[in-house]
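What follows is each chain in one-letter form.
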Amino acid sequence: HVCCSFSFVVVRSDGEVTSRQLYRGEDAVNVFFKRLEIELKKIRDDLKNIRPITHYARVAHMAADTCWICSGQFVPYNEGDKGGLWKVIDHDHITGKYRGAAHSSC
């Protein structure tokens with residue numbers, strides 16, 4: 001079996017399609033990895049510019065006492081991170097959208 005084509009789509013966490021790739025040819029494997037490396041560089045560049053969360057999101061985060069993912073209680077920082085139960089800010093690094101307070105392990 002010889003690979004002769006590939007296709008992939010890059011979709012951001014907010015659903016925006018940032019790239020569509022389709023290739024047919026004898027060197028499909030090499031071209032695939034080269035294009036994948038290009039996309040990886042673009043993604044890394046995008047993540048260098050993390051959007052900050054809003055003041056409202058920070059206030060909501062401070063008030064939260066349960067994890068938005070599992071509904072479990074948080075462990076205070078002064079008690080140590082017992083199994084990933086500290087409160088962290090869960091947000092989208094591309095859009096800055098705050099999802100909620102979450103356990104560090106969730």
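Residues numbered from 1 in each chain as written. Predicted model: local features only at pLDDT ≥ 70, side-chain atom pairs only at ≥ 80, totals over all residues. Heavy atoms only, no water.

1. Side note on the state of the cysteines
Right, on to step 1. Across all of its chains, the model carries 0 disulfides by this definition.
Right, on to step 2. Its sulfur unpaired, Cys3 is 6.4 Å from the next cysteine sulfur, which belongs to Cys4.
Right, on to step 3. Taking the relative accessible area as the measure of exposure, Cys3 reaches 34% and is therefore partly exposed.
Right, on to step 4. Of all cysteine sulfurs in the structure, the one in Cys70 sits closest to Cys106, which takes part in no disulfide; the separation is 3.8 Å.
Right, on to step 5. Judged by relative accessible area, Cys106 falls into the partly exposed class, the value being 45%. (Disulfide = S-S within 2.5 Å. Buried < 20%, exposed > 50% of the residue type's maximum accessible area, 1.4 Å probe, protein only.)

2. What to know about the packing of aromatic side chains
Right, on to step 1. For the structure on display, the rule yields 5 aromatic pairs.
Right, on to step 2. Between Phe32 and Phe33, the aromatic rings sit 5.2 Å apart at their centres with planes inclined by 75°, giving edge-to-face as the arrangement.
Right, on to step 3. For Phe33, a relative accessible area of 47% puts it in the partly exposed group.
Right, on to step 4. Here the aromatic cluster, defined as three or more aromatic residues joined through ring pairs, consists of Phe6, Phe8, Tyr23, Phe32 and Phe33. (Phe/Tyr/Trp six-rings, centres within 6.5 Å; stacked < 30°, edge-to-face > 60°.)

3. Thoughts on the pattern of salt bridges
Right, on to step 1. What the rule picks out here adds up to 6 salt bridges.
Right, on to step 2. In this structure, Asp14 engages Arg12 in a salt bridge whose closest nitrogen and oxygen atoms are separated by 2.4 Å.
Right, on to step 3. A salt bridge links Lys42 to Glu39; its shortest N-O distance comes to 3.4 Å. In this pair, Lys42 and Glu39 are both assigned in helix α1 (residues 28-48), 3 residues apart and thus about one turn of the helix distant.
Right, on to step 4. Residue class for Glu39 comes out buried when judged on its relative accessible area of 5%.
Right, on to step 5. Residues joined by salt bridges that share partners form a network here, namely Arg12, Asp14 and Glu16. (Salt bridge = Lys/Arg side-chain N within 4 Å of Asp/Glu carboxyl O. Helix = DSSP H or I, 4+ residues; strand = E, 2+ residues; numbered from the N terminus.)

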